[in-house]
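# Examining the three-dimensional arrangement
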Amino acid sequence: DGGITQSPKYLFRKEGQNVTLSCEQNLNHDAMYWYRQDPGQGLRLIYYSQIVNDFQKGDIAEGYSVSREKKESFPLTVTSAQKNPTAFYLCASSPGGRMPADTQYFGPGTRLTVL
Amino acid sequence: SQKIEQNSEALNIQEGKTATLTCNYTNYSPAYLQWYRQDPGRGPVFLLLIRENEKEKRKERLKVTFDTTLKQSLFHITASQPADSATYLCALDEGNFNKFYFGSGTKLNVKP
């Protein structure tokens, strides 16, 4: 069963704690992405990676960190430096590489709530 | 500044009618424009892609137009059904390292 999995579906965190959101894909895609979605707003890009061991900051990278040690995995850490972390987090992947037009495949999302 | 605008108000239509959703953009030069469907609490699902040199694209009951002069895309669902009720997002790709920019989406409600 191919696709993107995110875990957990719901996550609760106390203020001041770091938390890591998991994202795994078995689509053999080169590119992976993390977005944040808040009510009434579009998806905002946090980080993206075009290839293993390489990643770039998106528009709202402050307070977040990522790693891309394996092609199929792109975990996101929400650090205590992120001032307003409560949101719906979406991971996506796309074939990437030299594709002229890419489409994104999204995971089911993780809803993070800071208590 | 760069903006992607979609109607923030929900679009309510009767079953069987055609739904038309709008995506306007400012200060982007998209090579491609895409439309996604998102159901509550779930990730978006890709629907259609249109290139800058294409005027129109169709897939079953869906049609997308792309006017680079007006900086606008229209998304049509013909013979709408209650199952089409969802939020629809447009996304721009400037052809730059697979980086995408999303609008905030328009919620469509199709009433039986």
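Summary of the structure given here. Remember, predicted model here, so these are calculated numbers, not experimental data.

We now examine the overall build of chain B. Counting secondary structure elements, chain B contains zero helices and eleven strands. Written out in order from the N terminus, the α and β elements of chain B read β-β-β-β-β-β-β-β-β-β-β. The C-alpha radius of gyration of chain B comes to 13 Å, within 12% of the 13 Å expected for a compact globule of 112 residues. Oriented by its inertia axes, the alpha-carbon framework of chain B measures out at about 40 × 30 × 20 Å. Within the span of chain B, comprising 112 residues, buried residues form 46% of the whole. Considering only contacts within chain B whose residues lie at least 6 apart along the sequence, 54% involve residues at least 24 apart. Counting only carbon and sulfur atoms, one obtains 45% of the accessible surface of chain B, whose full area is about 5700 Å². Charge centroids of chain B, computed over 15 positive and 12 negative side chains, lie 2 Å from each other.

This paragraph deals with the environment of E24 of chain A. Locating E24 of chain A in the fold gives a position in strand β3 (residues 19–25). Contacts of E24 of chain A, omitting those with residues within four sequence positions, involve G3, I4, T5, E72 and S73 of chain A.

A separate point is the packing of aromatic side chains. Applying the stated rule across the entire model yields 15 aromatic pairs over all chains. Ring geometry for Y33 of chain A and Y35 of chain A: centres 6.2 Å apart, planes at 20 degrees, overall stacked. Of the two residues, Y33 of chain A and Y35 of chain A, both sit in the buried class. Ring geometry for F106 of chain A versus F102 of chain B: centroids 5.9 Å apart, planes at 75 degrees, classification edge-to-face.

Now for the interface of chain A and chain B. Each partner contributes residues to the interface: chain A has 26 residues there, and chain B has 21 residues. Approximately 1800 Å² of surface area, both sides summed, lies buried where chain A meets chain B, with 54% of it carried by carbon and sulfur atoms. Summed over the three residues of chain A that lose the most area to chain B, namely L43, D102 and F106 of chain A, the buried surface amounts to 22% of that side. There are two residue pairs in polar contact (both at pLDDT 80 or more) connecting chain A and chain B. Going through the elements one at a time, β4 (31–37), β5 (43–51) and β9 (87–94) of chain A are the ones with two or more residues in the side of chain A that touches chain B. Looking at the side of chain A that touches chain B element by element, the count peaks at four residues for β5 of chain A. In terms of residue class, the side of chain A that touches chain B is built from twelve nonpolar, ten polar and four charged.

What follows is about the nonpolar core. Core analysis: the biggest nonpolar cluster contains 24 residues, and I4, L33, W35, F75 and Y88 of chain B have the highest contact counts within it. Where this core is concerned, the elements lending two or more residues are β3 (19–26), β4 (32–38), β5 (45–51), β7 (62–67), β8 (72–77), β9 (86–93) and β11 (106–111) of chain B. Among the nonpolar cores identified, the runner-up in size contains 19 residues, and L11, M32, Y64 and V66 of chain A belong to it.

For the rest of this paragraph, the subject is the pattern of salt bridges. In total, this model carries eight salt bridges over all chains according to the counting rule given. Between R36 of chain A and D38 of chain A there is a salt bridge; the shortest N-O distance is 2.8 Å. Each of the two residues, R36 of chain A as well as D38 of chain A, counts as buried. Where K3 of chain B meets E5 of chain B, a salt bridge forms, and the shortest distance between an N and an O atom there is 3.7 Å. Note on K3 of chain B: relative accessible area 39%, which makes it partly exposed. One salt-bridge network, held together by shared partners, links R36, D38 and R44 of chain A.

Right, let's talk about the sheet that holds β3 of chain A for a bit. Residues and elements named next belong to chain A. Taken together, four strands build an open sheet; the order of strands is β1-β3-β8-β7 and the sheet is antiparallel. Here the strands that pair on one side only, and so sit at the sheet edges, are β1 (4–7) and β7 (64–66). Neighbouring strand axes in the sheet, compared pairwise and without regard to direction, differ in orientation by 20 degrees on average. The pairing of β1 with β3 spans four bridges and is classified as antiparallel. Its bridge partner being in β3, I4 is matched across the sheet by Q25.

Criteria and cut-off values
Residues numbered from 1 in each chain as written. Chains lettered and ligands numbered in written order. Predicted model: local features only at pLDDT ≥ 70, side-chain atom pairs only at ≥ 80, totals over all residues. Heavy atoms only, no water. Helix = DSSP H or I, 4+ residues; strand = E, 2+ residues; numbered from the N terminus. Rg over C-alpha atoms; globule rule 2.2 N^0.38 Å. Buried < 20%, exposed > 50% of the residue type's maximum accessible area, 1.4 Å probe, protein only. Contact = heavy atoms within 4.5 Å. Areas by Shrake-Rupley, 256 points an atom, 1.4 Å probe, with all protein chains shown as cover. Lys, Arg positive; Asp, Glu negative; His and termini not counted. Charge placed at Lys NZ, Arg CZ, Asp CG, Glu CD. Phe/Tyr/Trp six-rings, centres within 6.5 Å; stacked < 30°, edge-to-face > 60°. Buried area = accessible area lost by both parts, 1.4 Å probe. Polar contact = N/O pair within 3.5 Å; in protein donor to acceptor, adjacent residues only side chain to side chain. Nonpolar A, V, L, I, M, F, W, Y, C, P; charged D, E, K, R; others polar. Core = buried A, V, L, I, M, F, W, Y, C linked by side-chain atoms within 4.5 Å. Salt bridge = Lys/Arg side-chain N within 4 Å of Asp/Glu carboxyl O. Pairing = 2+ DSSP bridges. Axes fitted to C-alpha atoms, helices over the stretch in contact; angles between N-to-C directions.

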